[in-house]
Structures are given as structure tokens and as C-alpha cells.
Amino acid sequence: MRTLWQHCHAATMVDGRYAIIEDAAIVTCAGLIEWIGPRSELRPVEAERTVDLGYAWVTPGLIDCHTHAVFGGNRSGEFEQRLQGVSYAEIAAQGGGIASTVRATRAASEDELFASARQRVQALMRDGVTTLEVKSGYGLDLANERKMLRVARRLADELPLSVRATCLAAHALPPEYAGRADDYITHICDEMLPALAAEGLVDAVDAFCEHLAFSPAQVERVFIKAHELGLPVKLHAEQLSSLHGSSLAARYQALSADHLEFMTEEDAIAMAAAGTVAVLLPGAFYFLRETELPPMEALRRHGVNIALASDLNPGTSPGLSLRLMLNMGCTLFRMTPEEALAGVTTHAATALGLGDSHGSLEAGKVADFVAWHIERPADLAYWLGGDLPKRVVRRGHEISN
Ligand code: NIG
Ligand code: FE
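Worth saying up front: this structure is predicted, and the values here are computed from it rather than measured.

Parameters and conventions
Residues numbered from 1 in each chain as written. Chains lettered and ligands numbered in written order. Predicted model: local features only at pLDDT ≥ 70, side-chain atom pairs only at ≥ 80, totals over all residues. Heavy atoms only, no water. Domains from an automatic or database assignment. Contact = heavy atoms within 4.5 Å. Buried area = accessible area lost by both parts, 1.4 Å probe. Salt bridge = Lys/Arg side-chain N within 4 Å of Asp/Glu carboxyl O. Polar contact = N/O pair within 3.5 Å; in protein donor to acceptor, adjacent residues only side chain to side chain. Helix = DSSP H or I, 4+ residues; strand = E, 2+ residues; numbered from the N terminus. Nonpolar A, V, L, I, M, F, W, Y, C, P; charged D, E, K, R; others polar. Axes fitted to C-alpha atoms, helices over the stretch in contact; angles between N-to-C directions. Parallel < 35°, antiparallel > 145°, perpendicular 65-115°, else oblique. Left-handed = near helix turned anticlockwise from the far one by under 90°. Pairing = 2+ DSSP bridges. Near = heavy atom within 4 Å. Areas by Shrake-Rupley, 256 points an atom, 1.4 Å probe, with all protein chains shown as cover. Buried < 20%, exposed > 50% of the residue type's maximum accessible area, 1.4 Å probe, protein only. Donors = N, O, S within 2.8 Å, 3.2 Å for Na, K, Ca; no water. Core = buried A, V, L, I, M, F, W, Y, C linked by side-chain atoms within 4.5 Å.

Observations concerning the domain arrangement of the chain
Thinking step 1. Taken as a whole, the chain is organised into domain 1 (3–61 + 361–399) and domain 2 (62–351).
Thinking step 2. Listed by partner, the interface residues are 27 residues for domain 1 and 25 residues for domain 2.
Thinking step 3. Between domain 1 and domain 2, roughly 2,000 Å² of surface is buried when both sides are summed, and carbon and sulfur atoms account for 59% of that area.
Thinking step 4. For domain 1, the biggest contributors to the area lost against domain 2 are Gly 61, Ala 381 and Arg 394; these three give 25% of the whole.
Thinking step 5. Inspection of the region where domain 1 meets domain 2 yields one salt bridge.
Thinking step 6. Remark: the boundary between domain 1 and domain 2 carries 12 residue pairs in polar contact (both at pLDDT 80 or more).
Thinking step 7. When contributions to the side of domain 1 that touches domain 2 are tallied by element, the ones reaching two or more residues are strand S4 (49–60), strand S13 (369–372), helix H15 (379–382) and strand S14 (390–394).
Thinking step 8. Top element by residues in the side of domain 1 that touches domain 2 is S14. It accounts for four residues.
Thinking step 9. Here the side of domain 1 that touches domain 2 is composed, by residue class, of 15 nonpolar, five polar and seven charged.

Thoughts on the packing of helix H5 (residues 142–158) against helix H6 (residues 181–198)
Thinking step 1. Where H5 meets H6, the closest approach of the two axes is 10 Å, and the angle between their N-to-C directions is 30°. Accordingly, the angle class assigned to the pair H5 and H6 is roughly parallel. Between H5 and H6 lies a crossing of right-handed hand. Contacts between H5 and H6 involve Leu 142, Glu 145, Arg 146 and Leu 149 on the former and, on the latter, Met 192, Ala 195 and Leu 196.
Thinking step 2. Classifying every residue of the contact of H5 with H6 gives five nonpolar, no polar and two charged.

What to know about the sheet that holds strand S11 (residues 277–280)
Thinking step 1. Overall, parallel pairing links the eight strands, which are arranged S5-S6-S7-S8-S9-S10-S11-S12 in an open sheet. The open sheet has two edge strands, strand S5 (62–64) and strand S12 (306–308), and neither has a second partner. Sheet twist, expressed as the mean angle between neighbouring strand axes with direction ignored, is 25°.
Thinking step 2. Pairing of strand S7 (residues 162–170) with strand S8 (residues 204–209) involves three bridges; the strand directions are parallel. In the sheet register, Cys 167 faces S8, and the bridge partner there is Val 205.

Some remarks on the site of ligand 1
Thinking step 1. Arg 75, Tyr 88, Tyr 138, His 171 and Thr 316 are the nearest of the 15 residues found near ligand 1.
Thinking step 2. Here an oxygen atom of ligand 1 sits 2.4 Å away from a polar atom, N or O, in the side chain of Tyr 88.
Thinking step 3. Within the side chain of His 236, one N or O atom sits 3.2 Å away from an oxygen atom of ligand 1.
Thinking step 4. Relative to its free-state accessible area of 320 Å², ligand 1 is covered by the protein chains to the extent of 100%.

Comments concerning helix H12 (residues 322–331)
Thinking step 1. With eight of 10 residues buried, H12 lies mostly within the body of the structure.
Thinking step 2. The set of residues buried in H12 consists of Leu 322, Arg 323, Met 325, Leu 326, Asn 327, Met 328, Gly 329 and Cys 330.
Thinking step 3. Two to three positions downstream of the cap, the backbone nitrogen of Arg 323 sits 3.4 Å from a side-chain oxygen, assigning the N-cap of H12 to Ser 321.

Some thoughts on the coordination of the iron ion (ligand 2)
Put simply, the ideal angle at a metal is 109.5 degrees for four donors in tetrahedral geometry and 90 or 180 degrees for six donors in octahedral geometry.
Thinking step 1. The coordination sphere of the iron ion (ligand 2), as far as protein atoms go, consists of His 66 (NE2), His 68 (NE2), His 236 (NE2) and Asp 311 (OD), spread over 2.0 to 2.5 Å.
Thinking step 2. Exposure remark for His 68: the relative accessible area of 2% places this residue in the buried category.

Let's talk about the nonpolar core
Thinking step 1. Counting 103 residues, the largest nonpolar core has Leu 155 and Leu 280 as the members making the most contacts within it.
Thinking step 2. Here this core takes eight residues from H6, the largest share from any one element.
Thinking step 3. Three or more residues apiece are contributed to this core by two domains, here domain 1 (3–61 + 361–399) and domain 2 (62–351).
Thinking step 4. Leave out the neighbours within four places in its chain, and Leu 155 touches Val 70, Phe 114, Ala 117, Arg 118, Val 121, Val 134, Leu 161 and Val 163.
Thinking step 5. One finds Ala 24, Val 51, Ala 56 and Val 58 within the second-largest nonpolar core, a separate group that totals 17 residues.

Structural notes on the sheet that holds strand S3 (residues 32–38)
Thinking step 1. Pairing within the open sheet is mixed, and its seven strands lie in the order S3-S2-S1-S4-S13-S14-S15. The open sheet terminates on both sides in strands that have one partner only, identified here as S3 and strand S15 (397–399). Neighbouring strand axes in the sheet, compared pairwise and without regard to direction, differ in orientation by 40° on average.
Thinking step 2. Relative to S15, S14 is paired through three bridges, and the arrangement is antiparallel. The residue of S15 that forms the bridge with Arg 394 is His 397.

Structure follows, in C-alpha cells:
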């Protein structure tokens, strides 16, 4: 069905810029944008339906390119501990942290995980999210990583949104491999990744490169296997210390390196050359009360594309609003509202390997967009969360929210 959407303004986000079209018209057909431009330039079009958007501002559908939305339990008790002064690393060393979510996730059935993840994802969708990444990484054995990734696929089957599933088996050391990190990496490479990839459950492979997780050498083994399987890689890097994981990620043409508070200028140069997106996660920075800022000026100077994501997870960023992350990207990391919006559209799409099909409003791209009843695009980064009035269109069809 061909639809004409009119009486709107558009921030197209082509090349990551607002690129504003005032009094725009958008023609969608078969789930794609067929034409977008000033209404005055629209040629007569045979549309089955015409929709008046009441001069709303249209942006691409928002893309949350880094989430751990599937997990069992929650960690509000650890939040209380941290407020008493215990650090994230100390809690992890005492068997809490990721390990406690692993216990709860292993104990949960696939249906239970789906039910709780669906609620969280629906909260993100109420914020205009039409594409989402979901990582595994709280199962840490074949059966439980499979369970998580199946829930990720089911979210896409049962909700009107696109989901990319990332295998993060190298997130933490499971208790049965205590003291044997290299053996666990071997297990990931020889058993888990080949099986999960063969089942079609994996779109990308991620790892956590940190003193309390895996070394660059261990991460590299995972990357080599991912490439053998034809899968792109991503990396949690430089969150708590500098191990140059982001340079390693760039060497493996990673889609993204994420967190990055402790990255160096050399890392930025390597990422720019490889086209690896910097995914910044201000929710985790805020929630852990970190003080080391990502090197924004170096990222800009070297032309690294910057994305923003919720990092929705129970330990470091229980963030259910991607727009809140826009605000935090601006207030905490000094991004401009324009950079922040590019970070959840154009560059987030690239961070998921979807840059050719998603993330901007242009002919040929998927017709995922949001018509916001706001005064100017910067309002999206201005309001602290909340449910802004809007209409959400996915693949050319309006969805209710
Ligand atoms: O992105 N950094 C590692 N992974 C998550 C935290 C996971 C957790 O604490 O449960 C993150 O911040
Ligand atoms: Fe994460």
C-alpha cells in the first residue's frame, strides 16, 4: 500500500545531520520510503492513503544499539550497597554483579525471560524505538546463552520492532570455569559460537575486555572465531581502565566499540580508520557515578562516528528511556542535541551493521519513523524522559504505543 504522509517537518539525519525539510511530504510503499522532500516538490502520486501529521517533526525511528534487555531478577540490592560506598568491582569480586544476574537468568524459564524482557522493551518502544540490539551474556553456557538469544528472536516475532541479537558469551567467567578463563574461551570458540551461529541465533559477537572480565588476547581469540563464522564483532572496551580493546576492535573491523571512557587518542585514530562506531553509554557512566569522561574532542577530531545507547541492564544501567540517554549524552558528555539524535539514528544503525537500510529518512530506506509533537528537534534531548506525544511508523505502518 502506498501512503502519503504530509503536513510535517523532517529532520532526515542523512549523514548524521538534522538536514531539515520544512513542510515535508513522505511517500512510503512496501515498507520503504519511496520519496521524501518538500511538499511543494511532490509530483502527483497515487496513494491509497493520505495521512495528515499535524505539522509534527518527523525523525527516523530511534535505534537502541546496545542493550542487555533479557535477564532474570534485578540488582537493586547492589544499588543500595553501592550507595553505601561499595564499588562495582568489589561487588563483582564478592560473587555479585554479573554473576548474580547469571544465577537468576539460568534459573528463569524462556517464557519468564520473555515476559520480563517484553515489558522493558515496550518501555523503550514508548520512547520511539523501532530497532533494538539485544545481547546474551547472562547465560554463559550453551543452553542458557541459547535461551537468551531465542528470547531476543521472539521479541522481534511478537513485537513490531526489529531486533539484532548479539552473542556476548565472553561477558564474564561462569562459576564452573573459575580460574580457567582460557578454557572458557576455548569452549566459546569450539562449542558455543559454532552451535549458536548454526542455529541462526547470532547477528554479531561481543565480548567484555576488562581486568574483571577478559584480556585483549582472550578477546582476540573470540574475534578470530567470529570472523571464521562470518560474523561481525563488537566490544565492551575501556569502561573501567585502558586495555586498548578499542584498537583491537578496530583491527577486526568491529561494528562498534562501546563505553570508551578510558580510550586514548591512538584508539580513536584506529577506530576512525576502521569505521568502527564509538557507542557511548551515559546511563552506565551516570549510574556507576564514574568521573572519567569519554574523550569527545579526540573522537570528533578524528571523525569517529558516535552513537548513544541505553545499555539497559540490571547492574550498571537500568535505563528504560533512550531519550533520557539523549539528555545525558548532552549534559554529561557535552554532546550537542544534533549529535545525540544522530547517535540514536544514523550512527546507531551503522553500529548494528544496518547503515544501508536504517537510521535516516531517504528514499530506499526502511520506512521506520516517528512523528513527534514537539517544537524543534532539540526538544528530544531536552525533556528528561516522559512520554512525548507522537505517532510511530514501522515499515510504513503506524503502530500503537
Ligand atoms: O555494559 N560492562 C559490562 N556489561 C554491562 C554490565 C552488566 C552487568 O553489570 O550486569 C555494561 O555495563
Ligand atoms: Fe553493555
